[in-house]
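# Architecture at a glance
Chain residues, written in single-letter form:
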Amino acid sequence: MNDSIEFNTSYIHYKNGLTYIPIDNCKIQENDIWVEAILYKTQSQELFVRSKKEFIEKFAKE
């Protein structure tokens, strides 16, 4: 598993097939523990965040 994420590069979600663009690192809390996360957007600029681990599992570089 490659844990390198390229920002401002298109990634495809494994299930819905839509394109998303990671824009920055951040942190989120999961079960009261801060974990590395990725802030990403749709082409229409809607923002999302999920853990880095989950992003790597569910997205592939276009």
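The preceding data block contains the structure.
What comes next is a walk through the structure. (Residues numbered from 1 in each chain as written. Predicted model: local features only at pLDDT ≥ 70, side-chain atom pairs only at ≥ 80, totals over all residues. Heavy atoms only, no water.)

### Focus on the pairing of strand 4 (residues 47-51)
In plain terms, the rule: Strands pair, by our definition, only if DSSP identifies at least two bridges between them. A run of H or I in DSSP becomes a helix once it reaches four residues, and a run of E becomes a strand once it reaches two; helices and strands are each numbered from the N terminus.
Bridge count for strand 3 (residues 33-42) against strand 4 is five bridges, and the pairing is antiparallel. Looking at strand 4, one finds that Tyr40 is bridged to Phe48. A loop of four residues connects strand 3 with strand 4, the two strands running antiparallel in sequence, and Gln45 in this loop sits at a positive phi of about 80°.

### Some points on the pattern of salt bridges
Going by this rule: Salt bridge, as applied in this entry: a Lys or Arg side-chain nitrogen positioned within 4 Å of an Asp or Glu carboxyl oxygen. For each residue, the accessible area found with a 1.4 Å probe, counting protein chains only, is set against the maximum for its type, and the residue is called buried under 20%, exposed over 50%, and partly exposed in between.
What the rule picks out here adds up to five salt bridges. Glu36 serves as the salt-bridge partner of Lys27, at 3.2 Å between the closest nitrogen and oxygen. Here Lys27 falls in the partly exposed class, since its relative accessible area comes to 47%. Between Glu54 and Lys58 there is a salt bridge, with the nearest N and O atoms lying 3.2 Å from each other. Highlighted residues: Glu54 and Lys58, both in helix 1 (residues 52-58), separated by four residues, approximately one helical turn. On the basis of relative accessible area, Glu54 is assigned to the partly exposed category, the value being 27%.

### Notes on the packing of aromatic side chains
Rule in force here: When two rings of Phe, Tyr or Trp (its six-membered ring) have centres within 6.5 Å they constitute a pair, described as stacked for plane angles under 30 degrees, edge-to-face for angles over 60, and tilted for the intermediate range.
Counted according to the given criterion, the structure contains eight aromatic pairs. Plain terms: the ring middles of Tyr20 and Tyr40 are 5.6 Å apart, the flat faces sit at 80° to each other, and that makes the pair edge-to-face. One end of the pair, Tyr20, is in strand 2 (residues 19-30); the other, Tyr40, is in strand 3, and 20 residues separate them in sequence. For the pair shown, Tyr20 and Tyr40 are each scored as buried. One aromatic cluster is present, built from ring pairs that chain together Tyr11, Tyr20, Tyr40, Phe48, Phe55 and Phe59.

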